[in-house]
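Analysis of the macromolecular model
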Amino acid sequence: MLGYPWAAPTTLACLVVFLLPMWALRQAQPGHWRDGAWEWTVTTGSRFWRWYARDGGWGATTLGWCILFATSADVVCLAVHERRHVAQNLVLGPLFMPWYALLWLVFGYERHPLERDARAAAVEVR
């Protein structure tokens, strides 16, 4: 439970800068609290959906302890992958975003240690 206050600065920043404006512009909708994360879904047919989600190239992103899904379809492996990022956020707190960015610069996406960890967690549910 201590991870939620520790990760709160990242979550609040993501809510204020990204999720709440998307909700106000009807680009995303808040959903349910499930398995330790607040789920959001991109509004089908919205401008954001047309730009990023409709072609299937982007599935979801974790923003603190919020997850923004491209679709409301229940994709178990994707949800497990993103919830692993929530767990990483709970451990790293406000250090998660800068640490993630630094690792991305060093390793790229495919060899990124946090992504590899999340992919491994998703493989376990298959």
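Residues numbered from 1 in each chain as written. Predicted model: local features only at pLDDT ≥ 70, side-chain atom pairs only at ≥ 80, totals over all residues. Heavy atoms only, no water.

Describing the pattern of salt bridges
We count it as follows: When a carboxyl oxygen of Asp or Glu lies within 4 Å of a side-chain nitrogen of Lys or Arg, that pair is called a salt bridge. Burial status follows relative accessibility: with a 1.4 Å probe on protein chains alone, a residue under 20% of its type maximum counts as buried, one over 50% as exposed, and anything between as partly exposed. In this text, helices come from DSSP runs of H or I with a minimum length of four residues, and strands from runs of E with a minimum of two, each type numbered from the N-terminal end.
Applying the stated rule across the entire model yields 3 salt bridges. The closest approach of N and O atoms between arginine 34 and glutamate 39, which form a salt bridge, is 3.0 Å. The buried category is assigned to glutamate 39, whose relative accessible area is 11%. Close ionic contact of aspartate 117 with arginine 84 constitutes a salt bridge, the shortest N to O distance being 2.8 Å. Of the two residues, aspartate 117 is situated in helix α5 (residues 113–124) and arginine 84 in helix α3 (residues 76–92); the sequence distance between them amounts to 33 residues.

Points about the sheet that holds strand β2 (residues 37–42)
The condition is simple: The pairing criterion is simple: DSSP has to find at least two bridges between the two strands. Axis lines are fitted through C-alpha atoms, for helices just across the contact stretch, and the angle between N-to-C directions can take any value from 0 to 180 degrees.
On the basis of which strands lie adjacent, the open sheet formed by 4 strands has the order β1-β2-β4-β3 and mixed pairing. Two strands close off the open sheet at either side, each with one partner strand: β1 (28–34) and β3 (60–63). Ignoring which end each strand starts from, the neighbouring axes of this sheet average 25° apart. Where β2 meets strand β4 (residues 66–69), 4 bridges bridge the pair, whose relative direction is parallel. Residue pairing for β4: threonine 41 is matched across the bridge by phenylalanine 69.

Here's the deal with α3
Using the following cut-off: The length a helix should cover is 1.5 Å for every residue beyond the first.
An ideal rise of 1.5 Å per residue puts 24 Å on 17 residues; α3 measures up with 24 Å between its terminal C-alpha atoms. Along α3, the residues classified as buried are Ala79, His81, Glu82, Arg83, His85, Val86, Gln88 and Asn89. Glycine 93, located one to two residues past α3, shows a positive phi value of around 55°.

A word on the packing of aromatic side chains
To keep things clear, this is the line we draw: For Phe, Tyr and Trp, where Trp contributes only its six-membered ring, two rings pair if their centres lie within 6.5 Å, and the inter-plane angle classes them as stacked under 30 degrees, edge-to-face over 60, or tilted in between. Counting as a charge over the ring demands two things of the Lys NZ or Arg CZ atom: a distance within 6 Å of the ring centre and an angle within 35 degrees of the ring normal.
The tally for this structure, following the rule as stated, stands at 8 aromatic pairs. With 5.7 Å between their ring centres and 40° between their planes, phenylalanine 96 and tyrosine 100 make a pair best called tilted. Within this pair, phenylalanine 96 and its partner tyrosine 100 are both found in helix α4 (residues 96–107), separated by 4 residues, close to a single helical turn. Neither phenylalanine 96 nor tyrosine 100 differs from the other in exposure class; each is buried. Ring centres of tyrosine 100 and tryptophan 104 lie 6.1 Å apart, and the angle between their planes is 75°; this geometry places the pair in the edge-to-face category. In this pair, tyrosine 100 and tryptophan 104 are both assigned in helix α4, 4 residues apart and thus about one turn of the helix distant. The class for tyrosine 100 is buried, based on a relative accessible area of 16%. The class of tryptophan 104 is partly exposed, set by a relative accessible area of 47%. Ring pairs connect the aromatic residues Tyr4, Trp33 and Trp65, which therefore count as one cluster. A cation over a ring is seen here: arginine 119 above tyrosine 109, with NZ or CZ 5.8 Å from the ring centre.

The values reported here are purely geometric and, on their own, carry no functional implication.
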